[in-house]
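Next come the chains, spelled out residue by residue.
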Amino acid sequence: MIEINDTLRAEDLLTALERLWSLSADKILSIEQSSTADGGTPVFTVAGKYTAQGWTEWTQGFQFGSAILQFDGAGDEQFLEIGRKRTVEQMASHVTHIGVHDHGFNNVSTYGNLRRLMLEGRIAHDQSQLDFYELALKASGAVQAARWSRTHDGPGYIYSFNGPHSLFSDTIRSLRALALAHRLGHALMAENDTSISLLDRLLQHARATAQYNVYYGEGRDAYDVPGRVVHESIFNTNDGRYRCPSTQQGYSPFSTWTRGLAWIMAGYPEQLEFLDSVQDAELEPFGGREEIEALMRKAARATCDFYIESTPTDGVPYWDTGA
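Residues numbered from 1 in each chain as written. Predicted model: local features only at pLDDT ≥ 70, side-chain atom pairs only at ≥ 80, totals over all residues. Heavy atoms only, no water.

S.K.: Please clarify how unusual backbone geometry should be interpreted in this entry.
M.R.: Among all residues except glycine, the phi angle is most often negative; among peptide bonds, the trans geometry is most common. Phi at N192 is positive, roughly 60 degrees, even though this residue is not glycine. You will see that D193, though not glycine, has its phi angle at about 60 degrees, which is positive. Structurally, D193 is set in the loop between β6 (188-190) and β7 (194-196). (Helix = DSSP H or I, 4+ residues; strand = E, 2+ residues; numbered from the N terminus.)

Following this line, the structure appears as structure tokens:
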């Protein structure tokens, strides 16, 4: 609930929201009109125009998911049709993409939002379409969980596109794919028909990320500032031992790339919300609800406190706190 005061009147808020949806509508339509199926995914702008970069195509889900959310927020059905049509036409390769850690960004943003809108009654119920969306989400969660490396001291992690040595902070946001697939009754099937729990892999990755990528001011090293986040942790793939912090897009391994910080800030609360739908008995084999939620809350609170302390007063965060 928003408290209305002298500086924020209800009509001002409504005007701002209407302007926001109007601006986003124009941008989505512009991207739709200028993009082609074989032109790659818009990643960054050059002279004000989105440009594709054949890297991991990790923003395709944002491209079409934004259209779906535009319909969700403003009710204009042309955006539902754009999002739905492009999801069916272009997102199948993302569902089975074994080379990336981006399944949450791509597939939950598209198939997941279409499923949600149908279950909420916002769009007409069609069982065949619902089955299609859910099959895509099941496959996405299992494919994502298959990118697996083990640490020497217990939990494994979903490795990034950099390779089996790499634990990215970003990947906490792709646990959504595992969560949805698990809720839909799916598992990852491996050699000798071994059934691998997606919930187990989700929780292991959450533990590893909290242990290695988030700092708590507990004397881990000279850069152990409470709430600091490292973009990437590097492991020896021969024995699973932790080697060092690293970064791909931040200023240094010893400062905080604030987008990586944002992934942690959003990712753990997201998973805490998911755990509300999981029965206590289902969590017992993995340490129990109290221990699991305490770990996630600790990481979420530390990073949120760090964000508040490290963000300029104008509210616009630095690219990196060390830059």
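S.K.: Teacher, can you tell me more about the pattern of salt bridges here?
M.R.: Oppositely charged side chains can pair when the atoms bearing their charge come close. Throughout the structure, instances matching the rule amount to 16 salt bridges. For E293, the salt bridge is made with R289, and the minimal N-O distance between the two is 3.0 Å. In this pair, E293 and R289 are both assigned in helix α11 (residues 289-310), four residues apart and thus about one turn of the helix distant. For E293, a relative accessible area of 9% puts it in the buried group. The network of salt bridges with common partners includes E32, K85, R86 and E89. (Salt bridge = Lys/Arg side-chain N within 4 Å of Asp/Glu carboxyl O. Buried < 20%, exposed > 50% of the residue type's maximum accessible area, 1.4 Å probe, protein only.)

S.K.: Explain the packing of helix α6 (residues 127-145) against helix α7 (residues 175-183) to me, please; I cannot follow it from the model alone.
M.R.: When two helices pack together, their arrangement is given by the angle between the helix axes and the distance between those axes. Look at α6 against α7: their axes get within 8 Å of each other, and the N-to-C directions meet at 125 degrees. Judged by the inter-axis angle, α6 sits oblique to α7. Seen along the crossing, α6 lies across α7 with a hand that is left-handed. Here L137, K138, S140, G141, Q144 and A145 of α6 come into contact with α7, specifically with A177, L178, L180 and A181. Of the residues in the contact of α6 with α7, the class split is six nonpolar, three polar and one charged. (Axes fitted to C-alpha atoms, helices over the stretch in contact; angles between N-to-C directions. Parallel < 35°, antiparallel > 145°, perpendicular 65-115°, else oblique. Left-handed = near helix turned anticlockwise from the far one by under 90°. Contact = heavy atoms within 4.5 Å. Nonpolar A, V, L, I, M, F, W, Y, C, P; charged D, E, K, R; others polar.)

S.K.: When you look at helix α3 (residues 77-90) in this model, what are you seeing that I'm missing?
M.R.: Since the α-helix packs 3.6 residues into each turn, any two residues three or four apart lie on the same face. The first and last C-alpha atoms of α3 sit 20 Å apart over 14 residues, in line with the 20 Å expected at 1.5 Å per residue. Those residues of α3 that sit buried are F79, L80, I82, G83, R84, R86, T87 and Q90. As for α3, its buried residues are in contact with α1 (10-34), α2 (60-74), α4 (92-95), α5 (103-119) and α6. Backbone nitrogen of Q78 and a side-chain oxygen of the N-cap are separated by 3.1 Å at the start of α3; the cap is D76. (Expected span 1.5 Å × (residues − 1). Polar contact = N/O pair within 3.5 Å; in protein donor to acceptor, adjacent residues only side chain to side chain.)

S.K.: I'm lost on the sheet that holds strand β8 (residues 232-235) in this one. Help?
M.R.: The strand order β5-β8-β9 describes an open sheet built from three strands, whose pairing is antiparallel. Both outer strands of the open sheet, β5 (166-168) and β9 (242-246), are each paired with one neighbouring strand and no more. Looking at each pair of strands side by side, their axes are set apart by 25 degrees on average, direction ignored. Lying over the sheet, helix α8 (residues 198-212) contacts β5, β8 and β9, oriented at roughly 90 degrees with respect to β5. (Pairing = 2+ DSSP bridges.)

S.K.: What exactly am I supposed to notice about the layout of surface pockets here?
M.R.: Think of a ball as big as a water molecule: rolled over the atoms, this probe shows where empty space is left. Approximately 690 Å³ is the volume found for the largest pocket. If you go around the largest pocket, you meet 30 residues; those closest to its centre are K27, I31, P42, Y50 and Q63. Elements that contribute at least two residues to the lining of the largest pocket include exactly α1, β1 (42-46), β2 (49-52) and α2. Sort the elements by how many residues they give to the lining of the largest pocket and α1 lands first, with seven residues. Taken together, the residues that form the lining of the largest pocket break down as twelve nonpolar, 14 polar and four charged. Each pocket or cavity is described by its volume, and for the second largest pocket that value is around 480 Å³. V108, R176, L180, E273 and F274 are the residues nearest the centre of the second largest pocket, which is lined by 15 residues in total. (1 Å grid on protein atoms, 1.4 Å probe; cavity = no way out; pocket = protein on both sides within 12 Å on 5 of 7 lines; lining within 4 Å. Points joined across faces, edges and corners; volume = space filled by probe spheres on them.)

S.K.: I tried to follow the packing of aromatic side chains on my own but got confused; where do I start?
M.R.: The relative placement of two aromatic rings is captured by the distance of their centres and the angle of their planes. A full pass over the atoms with the stated rule returns 13 aromatic pairs. A centroid spacing of 5.7 Å and a plane angle of 75 degrees characterise the contact between F235 and Y242, whose relative ring orientation is edge-to-face. Site record: aromatic cluster; members linked through ring pairs are W58, F62, F105 and W263. Cation over ring: K298 sits above Y216, and NZ or CZ is 4.5 Å from the ring centre. (Phe/Tyr/Trp six-rings, centres within 6.5 Å; stacked < 30°, edge-to-face > 60°. Lys NZ or Arg CZ within 6 Å of the ring centre and 35° of its normal.)

S.K.: I keep staring at empty space enclosed by the protein and nothing clicks. Help me out?
M.R.: Tallying each qualifying case throughout the model produces four cavities of 30 Å³ or more. Space inside the largest cavity adds up to approximately 80 Å³. Classifying every residue of the lining of the largest cavity gives five nonpolar, three polar and three charged. Of the volumes computed, that of the second largest cavity is approximately 40 Å³. Lining the second largest cavity we find T258, L261, F306, Y307, S310, T311, P312, P317, Y318 and T321. Secondary structure elements with two or more residues in the lining of the second largest cavity: α9 (258-275) and α11. By residue number, the principal contributor to the lining of the second largest cavity is α11, which donates three residues. Partitioning the lining of the second largest cavity into residue classes produces six nonpolar, four polar and no charged.

S.K.: In this structure, what is going on with the pairing of β2? I would like to understand it.
M.R.: Within a regular strand, side chains alternate between the sheet's two faces. Pairing of β1 with β2 involves four bridges; the strand directions are antiparallel. Bridged to F44 within β2 is T51. Taken together, β1 and the strand that follows it, β2, pair antiparallel across an intervening segment of two residues, in which A47 is found at a positive phi of about 55 degrees.

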